[in-house]
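# Coordinates in review
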Amino acid sequence: MTEMLTMFKADGSAPDFNGALDEKALIHCYRTMLMVRAFDDICMKLQRSGRIGFSIPNKGVEATQVGAASALRATDFLFPSYRDFGMALHHGAKPVDMMHNMFGNASDSARGRQMSVHFSFTDPVRFFSISSPIGTHLPHAVGAAYAAQALGKDDVSLASFGDGGTSSAGFHSALNLAGVWKAPVIFLCQNNGWAISLPASGQTASDGYAIKAKAYGMPGVTVDGNDLLAVNQAVSDAAKRARGGEGPTLIEAYTYRMGGHSTSDDPTKYVPAEELEEWAKKDPVLRMQRFLDKSGLWDETLEEKLLTECADEVAQAAKVAEATPGPTLETIFSDVYETLPLHLRRQGEQAFELAERKGGADAGGGAFPL
Amino acid sequence: MIEFKLPDIGEGTAEGEIVKWLVSAGEAVKEHQAVVEVMTDKATVEVPAPADGTITKLLAGEGDIVPVGDVIFHLDSAGGGAPVAESEPSAPSTHEPAPAVAPALVATATTSVATTTTSKVLAVPSARRVARELGVDLETVAGSGRNGVIRRADVEASVSGTGGVSTVPRPAAVSEQRIPFRGVRRKVAEAMTRSAQTAVHFTIVEEVDVTELVRVRQKAKALGAQQDIKVTFMPFIMKAVASGLMKFPMLNGHLDEAAGEIVLPGTVNLGIATDTPNGLIVPVIPGVESKGLLQLAAELGDLADRTRKGQARPDELRGSTFSITNAGNIGGTLATPIINFPDIAILGVHRIVRRPGVVDTPDGEVIEVRQYMNFSCSVDHRLADGADAARFVAHLRETLEEPGLLTLLLALKIDSMESFS
């Protein structure tokens, strides 16, 4: 593996840290990580009691998400995987807006037409819709970067994906063209150990993932993904290169998914307990906490305050979202065509007429929406 | 009042087994508090309460298989209000709602009656399951986890007496035990019933003089130890079985009843019946015919170990073409093993005994102390006949009595094995 960039020492100090993030920014990063955990926690319970259909936990990879976001502007383009919403939270997305998506209600930005956890935002952050298919968003990120380049803007695109994503066709297409065009894009590969139940050892025969950058004519960097400062540094460097016209960078963040792939997964069936224990010692939230403590920015009172704030905010968000009615029938036909074509207008009229006669549709009783 | 329906916990699960209620009827719960443990095809999970309130009625018993969407409990979220309608004819009597008493009374009742407060004990789900299986009262177990949470090891230690746990010694057989019939035990029962009711079993027993094998294995053991591989008799037996099955393929495979075809896969995937803390599980070692003895020993050690720890992958637990059970090394002379359905046959392996035996020497027949091992082979008579089974066990005897032949078999390609006799 390429040499790994790490900032945190075992005692919580970070002597190489250049102060790129000020005190306020550091606390904001930490709070965002706690918010990710709080959001995950309540979603797991909502799913287990059938109130939402599906969720994807992030425990273990928060530093990669938040560290990357903290190195970018809210106006940069984020092309996330389904385990990345910390990036949106960091730039001001509201938990309640995410919760609207979890319930698929009328206030969801996708009006219930997306799967749960598939958030999308245009404001306050350019966070493209999370996509379930693996690696399909990488070429999109290159396209957006190419557009920024053509328009003479200094926006950067970041595509985030897992180790499994490197086996997709999109990975090759995207990295290849990004290299050719010197597009201002950052490829953030979150090597979290597992592609659902496939261990990283079954994913590639190459020595890590960063090395793949060489074949596409771009630098490849390996970074300690559980070290927020290191991720911030790596992404900052890549963003600087991109804005300076030097083209793309592939970053491999070495991290670990400490929970299941999703609420439909039971990781105890394939994850060795010792492996999980080993990584728990490197919990990214604890390491950040230790750093803040060492820097005199953290105490129990702050911890208590942040935890309470986060728990209250997500609980309130869940209440609001659950009480918000579902999307109206019209939304099946809206938001695609400016003027609805005749055949769809006819289908719509039939649907409305049927709904009129039969009453509202069954909400599904907690069934997974497939 | 909320009628709580069993949700689809995974993607497209159809039903779940109620493993354990973590609250009783009449108990007050908080939103997100775990109410019931449910096992689906995918995972065992704790299902939480959807709101603050009082559980007024449990509508399914532990061990019941409930379709997704069925109401499993009633929750009075108003906080102590109206009792639920009385007409619930299908509800088992043990799950009758507690009288709708004031919340304060409920609280008193649940804290003072020790025998009904298992839900107050903090324990991980696997600890609860093991406790049920071993008949351990969790109240008597000290938890070593964070906040005193009882872990599985605590329960096991409390039984074996190795932990620093102060438990009252359990008097032997004082009262009748009622063990819930579910989980792995029930899965084993279902599989065995299907096998016994479908396959027409007959069993043939062969006695094998393993004196030479014992000697060879002793050497192999030392050789394996250099590479940290534990060499038991099993790899030898597996190798002999695999060569026998390549020679007599009618015993290796399964019946595809839907297609009306006997499926003979041409490769030997051996199911190895393994005794685990959770019960009998049969992990599978594929392609045995093309693997070396040490490799088999290593794979077997690893797979058996992970199976006992519950870490075998689902794809390692299916696809057997023949199975071996060696519980016989604990005791017993012969057995009539039940076929690991839908395999065609199974081999039971028994312990080695020393007996006087008649041996041919250049000076004539002499009596020597020899070592013998019995093999019991059960076959589905629908698919193979007694002669097939007799030839197969004779092949086992020939190869295992002269284990040198095994090395020959190792070097042979599959097609040339046909000509080996």
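Provided above is the structure to which this section pertains.
Residues numbered from 1 in each chain as written. Chains lettered and ligands numbered in written order. Predicted model: local features only at pLDDT ≥ 70, side-chain atom pairs only at ≥ 80, totals over all residues.

## Thoughts on the overall build of chain A
A count of helices and strands for chain A gives 11 helices and 9 strands. Across the 370 residues of chain A, 49% fall into the buried class. Long-range contacts, defined as pairs at least 24 residues apart, comprise 76% of the intrachain contacts of chain A with a sequence gap of at least 6. (Helix = DSSP H or I, 4+ residues; strand = E, 2+ residues; numbered from the N terminus. Buried ≥ 20, exposed ≤ 12 C-beta atoms within 10 Å, placed from the backbone. Contact = placed C-beta atoms within 7 Å.)

## Remarks on helix 2 (residues 125-134) of chain B
All names here are of chain B. Of all the residues in helix 2, the buried ones are Ala127, Arg128, Arg129, Val130 and Ala131. Structurally, helix 2 contributes buried residues whose contacts are with strand 2 (15-21) and helix 3 (152-160). Downstream of helix 2 by a residue or two, glycine 135 has a phi angle that is positive, lying close to 70°.

## Notes on the packing of helix 5 (residues 137-151) of chain A against helix 6 (residues 169-181) of chain A
Residues and elements named next belong to chain A. In contact at an axis separation of 8 Å, helix 5 and helix 6 are set at 20° when each is read in the N-to-C sense. With respect to each other, helix 5 and helix 6 are oriented roughly parallel. The chirality of how helix 5 crosses helix 6 is left-handed. Where helix 5 approaches helix 6, its residues Leu138, Pro139, Ala141, Val142, Ala145 and Tyr146 are matched on the opposing element by Gly170, Phe171, Ser173, Ala174, Leu177, Ala178 and Trp181. Partitioning the contact of helix 5 with helix 6 into residue classes produces 11 nonpolar, 2 polar and no charged. (Axes fitted to C-alpha atoms, helices over the stretch in contact; angles between N-to-C directions. Parallel < 35°, antiparallel > 145°, perpendicular 65-115°, else oblique. Left-handed = near helix turned anticlockwise from the far one by under 90°. Nonpolar A, V, L, I, M, F, W, Y, C, P; charged D, E, K, R; others polar.)

## Comments concerning the sheet that holds strand 9 (residues 249-254) of chain A
Residues and elements named next belong to chain A. One open sheet accounts for 7 strands, arranged 1-8-9-5-4-2-3; its pairing is parallel. The open sheet is flanked by strand 1 (4-5) and strand 3 (126-127), the only strands paired with a single partner. Sheet topology note: the strand 2 (residues 77-79)/strand 4 (residues 157-162) ladder contains 3 bridges and is parallel. By the bridge assignment, phenylalanine 77 is partnered in strand 4 with serine 157. (Pairing = 2+ DSSP bridges.)

## What about the sheet that holds strand 5 (residues 44-48) of chain B?
Residue and element names in this part refer to chain B. Pairing within the open sheet is antiparallel, and its 4 strands lie in the order 5-4-2-7. At either end of the open sheet lies a strand with only one pairing partner, and these are strand 5 and strand 7 (65-67). Taking the axes of each pair of neighbouring strands and ignoring which way they run, one obtains an average angle of 40° across the sheet. Two strands pair when backbone bridges link them, and strand 2 and strand 7 are joined in this way by 3 bridges, in the antiparallel orientation. Within strand 7, the position partnered with glutamate 15 by the bridge is proline 67.

## Looking at the pairing of strand 4 of chain A
Residue and element names in this part refer to chain A. Of all the 6 residues making up strand 4, 6 are buried; the element is thus mostly covered by neighbouring parts of the structure. Residue alternation in strand 4 divides its side chains into two sets, Ser157, Ala159 and Phe161 and Leu158, Ser160 and Gly162, and both sets are buried. By the bridge criterion, 6 bridges tie strand 4 to strand 5 (residues 185-191) in an arrangement that is parallel. Residue pairing in the sheet places leucine 158 in a bridge with isoleucine 186 of strand 5. A crossover connection joins strand 4 to the parallel strand 5 through helix 6; in handedness this β-α-β unit is right-handed. (Right-handed = clockwise from strand over helix to strand, strands pointing away.)

## Focus: the nonpolar core
Formed by 96 residues in total, the largest nonpolar core has its most connected members in A:Ala141, A:Ile186 and A:Ile251. Considering each element in turn, this core owes the most residues, 13 residues, to helix 1 (residues 23-48) of chain A. Look past the residues within four positions of A:Ala141 in its chain and what remains in contact with it is A:Phe77, A:Phe79, A:Ser157, A:Leu158, A:Ala159, A:Ala174 and A:Val185. Ranked by size, the runner-up nonpolar core spans 54 residues in total, among them B:Ile237, B:Ala304, B:Ala312 and B:Val349. (Core = buried A, V, L, I, M, F, W, Y, C linked by C-beta atoms within 7 Å.)

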